[in-house]
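Residue strings, one per chain:
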Amino acid sequence: MVTIRTLDNGIKVALESISYVRSISFGIWVKNGSRNELPQENGVSHYIEHMMFKGTKSRTARQIAEEMDALGGQINAYTTKEYTCYHTRVLDKHIDRALDVMSDMLLHPLIAQEEVQKERNVITEEIYMYDDAPEELVHDALQDAIWRDTSLGMPILGTEETIAAFDADFIRAYYERNYHQENIVLSVAGNFEEKEMLGKLNEKLGGWKRETPFVQYDTHAAYQISCVEKEKDIEQVHVCLAFPGLTREHPQKYALAIFNTLFGGGMSSRLFQKIREENGLTYSIYSYTTAFADTGVFTICASMNPNQTERVFELIAEELKEVTAEAFPEQLIAVTKEQMISNFIIGTESTLNRMTAAGTSLLLRGEVQETEEVIAKIEAVTAADVLATARAVLDTEKISYSAVGNLKGNDFGALVEKFFK
């Protein structure tokens, strides 16, 4: 059972005590990512994530690293379009020291100009690294275009131009506006006593308050049909085909998850078996869903030799027609449900996964679903539900595409028009 409690300053906490383990996973979730940025701020949320490890008023960057290493613990962070997460996993006997380090990083980051300047080079290299990875760029470029002219369409890392303008004062001002007790949640999973843990968290973080109220930007976004092509000097071409997806809390989201698993979610999926195994046309082909509170996208991605592109598009189009023509057999739906439920349950056997699931859910949904509730909703989906959802999502009149890599010899717009319209 996950228990939701509130610290003295209003910060919500998800607590899951697991007595049979010897570790504790702890996460700080800040509802702030690239989606919360203005155009001139693009990349600052990710920049702050880096700066949190560059020293506090009482610890140097080296001391943070050495203190956590001495505990044998793990500490890391990541930034998404919607939030930033700082997390650690340590033995239960080391949680006090880990909480001291993590709370110090959150509340007292130094954000010194010298470190800002040094980290700019690191983040610039990170931007170059993603630009040099066509298998990553093909996804990001398409999603940036689909949500263009909104903050959701801005890259998480920012651009070389935007981050070049950041200095310590700019970053600190953004941190003080957006790292606020009103948009932070905590999540803890592992071997602890609930009342004692709540007391520790209150001691470290419960007295912290911003004097000014938190102001949320209007970040509404909607799917826009898009076409993106980027030439890269490589042998392969990476292609994504996308359709308007479902929102995060859409009632058909479990039906879409089952459809995605059947259609392109693994090695036994229709796309993989038909296009890679039977025809040997691609090394990689799969589908996935992306969901936010107000919008979403369903994406098919394939990597191939350019001269295979037309045949791959033709086979994908055939599969789309078949999966929207008639329902999958009930037996196949039942097997897929069992696969999803098994993966879900196995994932919950890690304290880090449990902490992450609870933290994400509490931050974005305001509550934490129990395992049995999720399982029940998956089991309630019928073959008819899956078919109806596939037909609603796979609207070829709203198809978008991106192609990155060796574009020679292919007119991607014409291929999309030929096979999908």
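Residues numbered from 1 in each chain as written. Predicted model: local features only at pLDDT ≥ 70, side-chain atom pairs only at ≥ 80, totals over all residues. Heavy atoms only, no water.

**Q** It is not clear to me how the pairing of strand 4 (residues 74–79) should be interpreted in this structure. Could you clarify?
**A** Two faces make up the sheet, and in a regular strand the side chains alternate between them. Here strand 4 runs beside strand 5 (residues 84–91); their pairing, made up of 6 bridges, is antiparallel. Along strand 5, the bridge assignment pairs Q74 with R89. Counted between consecutive antiparallel strands, the loop separating strand 4 from strand 5 contains 4 residues. (Pairing = 2+ DSSP bridges. Helix = DSSP H or I, 4+ residues; strand = E, 2+ residues; numbered from the N terminus.)

**Q** Mind showing me how you'd approach the environment of K31 here?
**A** Turning to its location among the elements, K31 is positioned in the loop between strand 3 (23–30) and helix 1 (44–51). Here the alpha-carbon distance between K31 and A145, two residues 114 residues apart in the chain, equals 23 Å. Contact partners of K31, with chain neighbours within four places excluded, come to N36, E82, Y83, N183, L363 and L364. (Contact = heavy atoms within 4.5 Å.)

**Q** Please explain the nonpolar core as it appears in this structure.
**A** A general tendency of soluble globular proteins is for nonpolar side chains to be buried together. L241, F259, I316 and F420 are the most contacted members of the largest nonpolar core, which has 49 residues in total. Judged by nonpolar contacts, the second largest core, of 48 residues, contains V13, L157, Y179 and L201. (Core = buried A, V, L, I, M, F, W, Y, C linked by side-chain atoms within 4.5 Å. Buried < 20%, exposed > 50% of the residue type's maximum accessible area, 1.4 Å probe, protein only.)

**Q** Help me out: how do you make sense of unusual backbone geometry in this one?
**A** Phi at I111 is positive, roughly 45°, even though this residue is not glycine. By the element assignment, I111 lies in the loop between helix 3 (95–107) and helix 4 (113–131). Even without glycine at this site, D149 takes up a positive phi of about 65°. Mapping D149 onto the fold places it in the loop between helix 5 (134–146) and helix 6 (160–164). Given a relative accessible area of 77%, D149 falls into the exposed group.

**Q** Looking at this structure, I do not really get the pattern of salt bridges. What am I missing?
**A** Here the idea is simple: oppositely charged side chains can pair when their charged atoms come close. One pass over the full model with this rule turns up 30 salt bridges. Taking the shortest distance from any N to any O, the salt bridge between R5 and E194 comes out at 3.3 Å. Of this pair, R5 sits in strand 1 (residues 3–6) while E194 sits in helix 8 (residues 194–205); the two residues are 189 residues apart in sequence, bridging distant segments of the chain. Since its relative accessible area comes to 35%, R5 is described here as partly exposed. The exposure class of E194 is partly exposed, given its relative accessible area of 25%. The partner of K274 in a salt bridge is E278, with the nearest N and O atoms 3.8 Å apart. Within this pair, K274 and its partner E278 are both found in helix 10 (residues 270–278), separated by 4 residues, close to a single helical turn. (Salt bridge = Lys/Arg side-chain N within 4 Å of Asp/Glu carboxyl O.)

**Q** Which parts of the structure should I look at to understand the sheet that holds strand 1?
**A** Whenever strands of a sheet pair, they do so through backbone hydrogen bonds, lying parallel or antiparallel. A sheet is described by the order of its strands in space; here 6 strands give the open sequence 1-2-6-3-5-4, paired in mixed fashion. With one partner strand each, in any of the chains shown, strand 1 and strand 4 form the two edges of the open sheet. Shown here is a sheet whose adjacent strand axes are inclined to one another by a mean of 15°, direction ignored. Relative to strand 5, strand 3 runs antiparallel, the two sharing 8 bridges. Considered in strand 5, the bridge of I24 is made with V90. (Axes fitted to C-alpha atoms, helices over the stretch in contact; angles between N-to-C directions.)

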